[in-house]
Amino acid sequence: MATVEMPEKQTSIFPGKIVAPDVTVDVFVRIAGISGALAVALGAYGFHAFQGTPEQKTVYSIAQVYHLVHTVALLAVSKFARRPMLVGALMALGILVFCGANYTSAVFATTWTPYLSPVGGFLLISSWACAAF
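### Some points on the overall build of the chain
Phase 1: Summing up its helical and strand segments, the chain has four helices and zero strands in all.
Phase 2: Mapped from its N terminus to its C terminus, the chain presents α and β elements in the order α-α-α-α.
Phase 3: A burial count over the chain gives 35% of its 133 residues as buried.
Phase 4: In the form shown here, the chain has an accessible surface area of approximately 8,700 Å², with 71% of it arising from carbon and sulfur atoms.

So this is what it looks like as structure tokens:
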């Protein structure tokens, strides 16, 4: 009777950490891809077509920088985070709320969306804290 050897669980470069399931990797790579494409498109709009006040342009550029930086970080979540679903969800939601509120505030000069920025910022801070522990 032939015996079948089961492959060992794949571990990461960090001792004691199991690599995230492929589903997690796939989800956050796709979200990061969409977010990155959107960040580049919004950056092009902001540079070439956005006609706002200097204050609105500053808010827009802050949203742009945070959007791009956290999109790149989202790519690394599934590979290096201990709890990729938690960190990735917090980071993706933080990008959406923080950057979305700032983009909306800058483009449409809304008065209520700036109040959402601290919530998005808290989500981004929480995602980094969860990634650390």
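### Focus: the packing of aromatic side chains
Phase 1: In the structure shown here, the tally under the stated rule is five aromatic pairs.
Phase 2: Measuring from centroid to centroid gives 5.0 Å for Y66 and F98, while their planes differ by 50°, and the two rings are tilted. Linking Y66 in helix 2 (residues 54–80) with F98 in helix 3 (residues 84–108), this pair joins segments that are 32 residues apart in sequence.
Phase 3: Cluster of aromatic residues (ring-pair linked, three or more members): Y45, F50, Y60 and Y103.

### So, helix 3
An α-helical turn contains 3.6 residues, so any two residues separated by three or four positions project in the same direction.
Phase 1: Between its first and last C-alpha atoms helix 3 spans 34 Å; for 25 residues at 1.5 Å apiece the expected length is 36 Å, and the two agree.
Phase 2: One or two steps after helix 3, the chain reaches A109, where phi turns positive at roughly 50°.

### Describing the side chain of S127
Phase 1: Mapping S127 onto the fold places it in helix 4 (residues 117–132).
Phase 2: For S127, a relative accessible area of 0% translates into the label buried.
Phase 3: In this structure the side chain of S127 is engaged in a polar contact, spanning 2.6 Å, whose partner is the backbone oxygen of L124.

### So, the nonpolar core
Phase 1: L74, V77, M91 and C99 are the most contacted members of the largest nonpolar core, which has 21 residues in total.
Phase 2: Taken together, the elements giving at least two residues each to this core come down to helix 1 (22–48), helix 2, helix 3 and helix 4.
Phase 3: It is helix 3 that provides the largest number of residues to this core, a total of nine residues.

### Considerations on a nonpolar patch on the surface
Phase 1: Taken together, the side chains of I62, V65, Y66 and V69 present a nonpolar region at the surface, about 340 Å² in accessible area.
Phase 2: Mapped onto the elements, V69 comes out in helix 2.
Phase 3: With relative accessibility at 45%, the residue V69 sits in the partly exposed group.

### Describing the environment of A132
Phase 1: With respect to the helices, strands and loops of the structure, A132 is situated in helix 4.
Phase 2: Taking the relative accessible area as the measure of exposure, A132 reaches 52% and is therefore exposed.
Phase 3: A C-alpha to C-alpha distance of 9.7 Å links A132 and V87, two positions 45 residues apart in sequence.

What counts and what doesn't
Residues numbered from 1 in each chain as written. Predicted model: local features only at pLDDT ≥ 70, side-chain atom pairs only at ≥ 80, totals over all residues. Heavy atoms only, no water. Helix = DSSP H or I, 4+ residues; strand = E, 2+ residues; numbered from the N terminus. Buried < 20%, exposed > 50% of the residue type's maximum accessible area, 1.4 Å probe, protein only. Areas by Shrake-Rupley, 256 points an atom, 1.4 Å probe, with all protein chains shown as cover. Phe/Tyr/Trp six-rings, centres within 6.5 Å; stacked < 30°, edge-to-face > 60°. Expected span 1.5 Å × (residues − 1). Polar contact = N/O pair within 3.5 Å; in protein donor to acceptor, adjacent residues only side chain to side chain. Core = buried A, V, L, I, M, F, W, Y, C linked by side-chain atoms within 4.5 Å. Patch = residues over 30% accessible without salt bridge, like charges linked within 9 Å, V, L, I, M, F, W, Y side chains within 5 Å. Salt bridge = Lys/Arg side-chain N within 4 Å of Asp/Glu carboxyl O.

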